[in-house]
Amino acid sequence: MTQGHAMPPVVSLSQIAADLRAGVLFSTRLPVPGAATITGADVARAGWALPIAGAIVGLIAAAVYGIARAADVPPFPAAGLTVAATLVVTGCLHEDGLADLADSFGASARER
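Residues numbered from 1 in each chain as written. Predicted model: local features only at pLDDT ≥ 70, side-chain atom pairs only at ≥ 80, totals over all residues. Heavy atoms only, no water.

Caption draft 1: Spotlight on the pattern of salt bridges. For the coordinates displayed, the defined rule picks out two salt bridges. Arg 45 is paired through a salt bridge with Asp 42; the nearest N and O atoms lie 3.3 Å apart. With Arg 45 and Asp 42 both in helix α2 (residues 40–45) and three residues apart, the pair spans about one turn of that helix. For Asp 42, a relative accessible area of 18% gives the class buried. Three or more residues joined by partner-sharing salt bridges are found here, namely Asp 19, Asp 42 and Arg 45. (Salt bridge = Lys/Arg side-chain N within 4 Å of Asp/Glu carboxyl O. Helix = DSSP H or I, 4+ residues; strand = E, 2+ residues; numbered from the N terminus. Buried < 20%, exposed > 50% of the residue type's maximum accessible area, 1.4 Å probe, protein only.)

Take a look at the structure:
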């Protein structure tokens, strides 16, 4: 090996699978086979997998909308069903964060 060229770290398939499980467990409420309790370190290591978990949520939402429209549900109610599906799949993760942000604007002190 030439000087100054480091070998990239070797990542095993089991580590990739563990990261994907951690990303899906952190971002959704979907059942994950073989899943165990995850830690902050697990989520930090699996940060690369979070967009994949987001894509899974997006695919589920698209499927719900597509099925609703195929069943002749009008666009607005189909969109409502789609939002409801993402709320169920994510456990309202984003909405809780938005509510926490709104709460912070009304507080003048941290204790409030």
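Caption draft 2: Representation of unusual backbone geometry. The residue Asp 72 is not glycine, and still its phi comes out positive at about 65°. Tracing the backbone shows Asp 72 in the loop between α3 (50–70) and α4 (75–90). A relative accessible area of 68% means that Asp 72 is categorised as exposed. Here the phi dihedral of Cys 92 falls at roughly 60°; this positive angle occurs in a residue that is not glycine. The class of Cys 92 is partly exposed, set by a relative accessible area of 34%.

Caption draft 3: Region of the structure containing the packing of helix α1 (residues 13–27) against α3. Between α1 and α3, the shortest axis-to-axis distance is 8 Å and the interhelical angle comes to 55°. When the axes of α1 and α3 are compared, the pair comes out oblique. As α1 packs across α3, the resulting crossing turns out to be right-handed. Judged by residue contacts, Leu 20, Gly 23, Val 24, Phe 26 and Ser 27 of α1 engage Leu 50, Ile 52, Ala 53 and Ile 56 from α3. Of the residues contributing to the contact of α1 with α3, the split by class is seven nonpolar, two polar and no charged. (Axes fitted to C-alpha atoms, helices over the stretch in contact; angles between N-to-C directions. Parallel < 35°, antiparallel > 145°, perpendicular 65-115°, else oblique. Left-handed = near helix turned anticlockwise from the far one by under 90°. Contact = heavy atoms within 4.5 Å. Nonpolar A, V, L, I, M, F, W, Y, C, P; charged D, E, K, R; others polar.)

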